[in-house]
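Here's the letter readout for the chains.
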Amino acid sequence: MLEFADTHNAGRKTLFVEVILPLAIAKNYTYRVPFDMNDAVAIGKRAVVQFGKSKMYTAIIVAITEQAPEKYEAKYLMDLLDDRPVVTAAQLSFWNWMADYYLCHPGDVMNAALPSALKLASETKIILNKEHGVDRATLHDKEFLIVDALELQPELTVSDIAKLLGQKTVMPILKLMFEKNIISISESVNERYKPRRKTFIKLNSAYQDQERLKELFEILEKRAPKQADVVLAYIHMSRNGARVAKNELAEASGAGTAIIKALIDKEILIAEEVNVSRLLEESGEEPELTATLSEEQEAVLASVRNQFNQKEVVLLHGITSSGKTQLYIKLIEEAVAAGKQVLYLLPEIALTTHVIERLRRYFGEAIGVYHSRFNDQERVEVWQNVLNGSYRIVLGARSSVFLPFENLGLIVVDEEHETSYKQFDPAPRYNARDAAIYLGNVYGAKVLLGSATPSIESYYNAKTGKYGFAELKFRYGGVELPQIEVVSIAEETKSKTIQSHFTSVLMEDMQQALSKKEQVILFQNRRGYAPVMLCRTCAHTPKCVNCDVSLTYHKSSGMLHCHYCGYKEDSPSICPACGSAHLEYKGFGTEKVEDELSILLPEARIMRMDMDTTRAKNSFQNILNELEEKRIDILVGTQMVAKGLDFADVTVIGIISADSLLKYPDFRANERSFQMLAQVSGRAGRRGKQGKVVIQTYDPGHRVILQVIENDYADLYNNEISERKAFKYPPFYRMIQFDVKHKDPEKLFHQAEYLALELRKQFGDRVIGPEYPLVSRIRNYYIKTIMLKFERDSISLSKAKDAIRSMILQFQTTKLSKGCIVQPDVDPY
DNA sequence: AGCACGCCGACT
DNA sequence: GTCGGCGTGCTC
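Cut-offs applied
- Residues numbered from 1 in each chain as written.
- Chains lettered and ligands numbered in written order.
- Predicted model: local features only at pLDDT ≥ 70, side-chain atom pairs only at ≥ 80, totals over all residues.
- Heavy atoms only, no water.
- Helix = DSSP H or I, 4+ residues; strand = E, 2+ residues; numbered from the N terminus.
- Rg over C-alpha atoms; globule rule 2.2 N^0.38 Å.
- Buried < 20%, exposed > 50% of the residue type's maximum accessible area, 1.4 Å probe, protein only.
- Contact = heavy atoms within 4.5 Å.
- Areas by Shrake-Rupley, 256 points an atom, 1.4 Å probe, with all protein chains shown as cover.
- Lys, Arg positive; Asp, Glu negative; His and termini not counted.
- Charge placed at Lys NZ, Arg CZ, Asp CG, Glu CD.
- UniProt positions renumbered as here; feature names shortened; annotations may be inferred.
- Axes fitted to C-alpha atoms, helices over the stretch in contact; angles between N-to-C directions.
- Parallel < 35°, antiparallel > 145°, perpendicular 65-115°, else oblique.
- Left-handed = near helix turned anticlockwise from the far one by under 90°.
- Nonpolar A, V, L, I, M, F, W, Y, C, P; charged D, E, K, R; others polar.
- Salt bridge = Lys/Arg side-chain N within 4 Å of Asp/Glu carboxyl O.
- 1 Å grid on protein atoms, 1.4 Å probe; cavity = no way out; pocket = protein on both sides within 12 Å on 5 of 7 lines; lining within 4 Å.
- Points joined across faces, edges and corners; volume = space filled by probe spheres on them.
- Domains from an automatic or database assignment.
- Near = heavy atom within 4 Å.
- Polar contact = N/O pair within 3.5 Å; in protein donor to acceptor, adjacent residues only side chain to side chain.
- Pairing = 2+ DSSP bridges.
- pLDDT = per-residue confidence, 0-100.
- Core = buried A, V, L, I, M, F, W, Y, C linked by side-chain atoms within 4.5 Å.
- Buried area = accessible area lost by both parts, 1.4 Å probe.

(A) Region of interest: the overall build of chain A. A count of helical and extended segments in chain A gives 26 helices and 34 strands. Taking 28 Å as the expected radius of gyration for a compact globule of 829 residues, we find that chain A reaches 32 Å, a close match to that expectation. The buried share among the 829 residues of chain A stands at 50%. When contacts within chain A are restricted to residue pairs at least 6 apart in sequence, those whose partners lie at least 24 apart make up 74%. Carbon and sulfur atoms make up 51% of the accessible area of chain A, which totals about 39,800 Å². Across chain A, the mean location of the 105 positive side-chain charges is 3 Å away from that of the 108 negative side-chain charges.

(B) Spatial organisation of the UniProt feature "binding site: Zn(2+) 2" (unreviewed entry) in chain A. In the numbering used here, UniProt assigns the "binding site: Zn(2+) 2" (unreviewed entry) feature to Cys 544, Cys 547, Cys 562 and Cys 565. Their sequence span is 22 residues, while the largest C-alpha to C-alpha distance among them is just 8.7 Å; these annotated residues converge on one region. Examined against the element boundaries, Cys 544 turns out to sit in the loop between β21 (532-535) and β22 (552-554). Judged by relative accessible area, Cys 544 falls into the buried class, the value being 4%. Not counting the four nearest positions on each side in its chain, Cys 544 is found in contact with Val 549, Leu 551, Cys 562, Cys 565, Tyr 567 and Arg 777. Inspection of the secondary structure assignment puts Cys 562 in the loop between β23 (559-561) and β24 (568-570).

(C) Structural detail: the packing of helix α2 (residues 89-101) against helix α3 (residues 106-113). The contact between α2 and α3 brings their axes to 8 Å, and the two run at 125°. Taken together, the axis directions place α2 and α3 in an arrangement best described as oblique. Considering the relative orientation of α2 and α3, their crossing is right-handed. For the pair α2 and α3, the contacting residues are Trp 95, Met 98 and Ala 99 in the first and Pro 106, Val 109, Met 110 and Ala 113 in the second. For the contact of α2 with α3, the residue count by class is seven nonpolar, no polar and no charged.

(D) A look at the pattern of salt bridges. Counted according to the given criterion, the structure contains 37 salt bridges. Here Arg 433 makes a salt bridge to Asp 434, at a shortest N to O gap of 2.7 Å. Taking the relative accessible area as the measure of exposure, Arg 433 reaches 4% and is therefore buried. Residue Lys 692 is joined to Glu 485 by a salt bridge in which the shortest nitrogen-to-oxygen separation is 2.8 Å. Linking Lys 692 in strand β29 (residues 692-697) with Glu 485 in strand β19 (residues 483-488), this pair joins segments that are 207 residues apart in sequence. Residues joined by salt bridges that share partners form a network here, namely Lys 422, Arg 429, Asp 739 and Asp 825.

(E) View of the UniProt feature "binding site: Zn(2+) 1" (unreviewed entry) in chain A. UniProt records the feature "binding site: Zn(2+) 1" (unreviewed entry) at Cys 535, Cys 538, Cys 575 and Cys 578, using the numbering of this structure. Taken together, the annotated residues stretch across 44 residues yet fold into one region, lying no more than 8.6 Å apart by C-alpha. Tracing the backbone shows Cys 538 in the loop between β21 and β22. On the basis of relative accessible area, Cys 538 is assigned to the partly exposed category, the value being 35%. If we ignore the near neighbours within four places in the chain, the residues touching Cys 538 are Cys 575, Ala 577 and Cys 578. Along the chain, the position of Cys 578 falls in the loop between β24 and β25 (583-586). Taking relative accessible area as the criterion, Cys 578 reaches 38% and is therefore assigned partly exposed.

(F) Up close: empty space enclosed by the protein. Inspection of the entire model under this criterion finds three cavities of 30 Å³ or more. Put simply, the largest cavity is a space of about 40 Å³. Lining the largest cavity, in full, are His 417, Thr 419, Ser 455, Glu 457, Arg 668, Glu 671, Arg 672, Gln 675 and Tyr 829. Broken down by element, the lining of the largest cavity gets its largest block of residues, three residues, from helix α22 (residues 669-681). Viewed by domain, the lining of the largest cavity spans two of them, domain 4 (295-477) and domain 5 (483-529 + 588-722), each represented by three or more residues.

(G) Examining the side chain of Asp 633 more closely. Within the secondary structure, Asp 633 is located in the loop between α20 (619-628) and β27 (634-637). Setting aside residues no more than four positions away along its own chain, Asp 633 makes contact with Leu 514, Glu 518, Gln 519, Val 520, Glu 603, Ala 604 and Arg 605.

(H) Local environment of the protein's contact with DNA strand C. For DNA strand C, the set of nearby residues contains 18 residues, the closest of which are Thr 30, Tyr 72, Lys 75, Lys 142 and Thr 169. Across the atoms of DNA strand C situated within 4 Å of the protein, the share located in sugar and phosphate is 59%. In the environment of DNA strand C, a base nitrogen lies 3.0 Å from a nitrogen or oxygen atom belonging to the side chain of Lys 27. One of the side-chain nitrogen or oxygen atoms of Lys 75 is found 2.4 Å away from a phosphate oxygen of DNA strand C.

(I) Inspection of the environment of Pro 106 at higher detail. With respect to the helices and strands, the residue Pro 106 is situated in helix α3. Measuring from C-alpha to C-alpha, the distance between Pro 106 and Leu 23 comes to 8.1 Å, with 83 residues separating the pair along the chain.

(J) Spotlight on the sheet that holds strand β7 (residues 155-157). If you walk across this open sheet you meet the three strands as β7-β6-β8, and the pairing is antiparallel. On the outer flanks of this sheet lie β7 and β8 (183-188), each paired with one strand and no other. On average, each strand axis in the sheet is tilted by 35° relative to the strand beside it, whichever way the strands run. The sheet contact formed by strand β6 (residues 123-128) and β8 spans six bridges and is antiparallel. Paired with Ile 127 across the strands is Ser 184, a residue of β8.

(K) Focus on the confidence of the model for chain A. On average, chain A scores 88 in pLDDT, and the residues at 70 or more come to 95%. For the stretch residues 1-10, pLDDT sits under 50, and the model shows six contacts to residues farther than four places along the chain or on other chains. Taken together, the stretch residues 282-287 has pLDDT below 50 and engages in six contacts with residues farther than four places along the chain or on a different chain.

(L) Quick look at the nonpolar core. If you look at the biggest cluster of nonpolar residues, it comprises 150 residues, and the most contacted ones within it are Phe 94, Trp 95, Met 98, Leu 343, Val 401, Phe 402 and Phe 738. What Met 98 contacts, discounting residues up to four positions off in sequence, is Leu 103, Cys 104, Val 109, Phe 402, Pro 428, Tyr 430 and Ala 435.

(M) Layout of the domain arrangement of chain A. Assigned domains within chain A: domain 1 (16-114), domain 2 (125-191), domain 3 (197-275), domain 4 (295-477), domain 5 (483-529 + 588-722) and domain 6 (733-826). Between domain 4 and domain 5, the residue contacts involve 23 residues of the former and 24 residues of the latter. Taking both sides of the interface into account, the surface hidden between domain 4 and domain 5 amounts to around 2,100 Å²; carbon and sulfur atoms contribute 56%. A per-residue breakdown of the area domain 4 buries against domain 5 is headed by Ile 349, Thr 453 and Ile 456, which together make up 27% of the total. Inspection of the region where domain 4 meets domain 5 yields one salt bridge. Residue Arg 668 pairs with Glu 457 through a salt bridge whose shortest N-O separation is 2.6 Å.

So this is what it looks like as structure tokens:
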């Protein structure tokens, strides 16, 4: 067969393609191109390939060659899915960098980058062979079960059957049944993206003429008055040339679809099916008038423009309410006017409808939005709109760095210090801010980093001239900075003026705000009711069965929750260890704050905003709306309340306990505390009213708190940068963390030690650990971390990475490392 | 990732 | 003995 194809097509080229598979494998694979696809293959198109015995995957073509592989016979690729590439050359080079920089596989990057509707994998389907009429008497118990199930449900997957039989290995059984001709096994690939179809109605052009229309009405009114109503409704709805959807017509005319169908059958109305977008329709409102820039803003804008002539990246340091967004808009306008695309990155949580609407009013249809709350179908549509150039601007969260831009001219990274730009969970563990800078490189686009509290790293880069720098020092429109008062919890405890978790100062301020119909936001960076339950008799603390953490008591569910793996159990009324009834809750979270506040301020309308109350798709937005519409007096929440909340009537902000922030055992603790406190404070009293911030703490003299009061970022920076230098941290040192995981704690210990030893051979005392992390077991995996810190300027990054890569590869091939997972985390947070 | 192959313990 | 779990290696 193959030989036939070869000789038959003698003289034509034999092509091979190298593809990325959407799997965590180290290398790319090569497939042979069937002759009839020679003209169609192109880099960036998707190919369906068989990988392994039967599985099929969507792979991305990254190279085309005439060179046949020497060591093996390449399989033919099965199909090409695209008329034109879905991934651009620029993206592929970006993917390549990411896999390289973050020490992960190209397939990991592909998985993160492509909306899953563009990645189809085959599924093994088990189907009953009906024509043979199974003789049930000859079947074993298990075969009987499978046949039974298949008679109810025509298709089953392999894992369905595993569940059905309650065992893991089912392939041998299925293989035997296949051989006995009882079942067939098929691999089916389904294209998952389907455009949404909508039926629109038009009036037959024969009735455009007024006379004919009049005749029609006369007939209809006599014989079918309801049909006449529908036609009337249609004419009304279409009067401005608007398209009329079938379902809207039905609704507006109050007629059933049967009546519309009758009109369609009579060819009075004509139905037309059209692909429509799932994405938000244009808001239709008039563009907001261009706000005039202040003198300071004009000067800074000019400076940024000017610096972009020499620098690729500029850091814009602007305190809250200084009008950074207005500068972004100006620069975006300019880039778009120059025919370029723009990427505007925001942390996921800040992408509220408020923010989206504001920009959409400004830029209309040219702006696309991309974030994790979109479903797959919606993501594909954004992808395609960027690819075909109909979006000039993308407003998006972390993952929008992966969109298929054509000629990106500007990237704005707002809130550049945000830790949520770093992805943890699946590889690639990338930082979207840093990735955006590389992306800028790929496209020759300028990058603007913006923040009220820049990361130490970015500020350092600006100070040392690697980045340009601009600063907005004044609040736009003369909004005053809030008054900040620090209250000692210890003192108020001593004087007994503290009620529950609320100092007298905070209570008074809250009451005053409420009496003036103003709003309050309370910040407590911990969800649930109490993070620890403790037996006062035997000191027992309920712990998670899968993780090394104490369980958090949640009053609303009456259960103990694990915040790491999601495990829940009923909250005991007596100690599970000794039977004592003296159980005590230690610490407190948002739930408890809300609870106790409702006792102290019974008339106040209190709402809680944390992961537990915002799980449903629109609940985050709903809470914001309620706050906006003043149906909430006090909002209690975790860090969520710090981001993107901008409401005129919030005049009091309370930080219930600053200590949990300040005590965090991490070299970034001070920086983060400052950012968090400054950010929360920035929410108070915008637009004309001076706000008040109350910070409750056991340590009122803490350096960072003083810096927040003084709004002295420079002082924070100076302190932090000298500590970073002294203790060998970024930006002077690069850090790569290795998370070593194993189900067996003993084996983990030895293997982590071994890996550290290997690393030390190469990097000496730049290797720290292995150490047990704060939480040393998650989801039944025991964890140790090894930290590698090396000088930024004297050790070549690429050489170090090469060494690490081969070391991990070698480590994984030793017999010693079985069952052990090593996850590198470059630039960890 | 998923699937096959091979080794080993717990049942008929 | 045999079934099924689990570790190991490979997939173009």
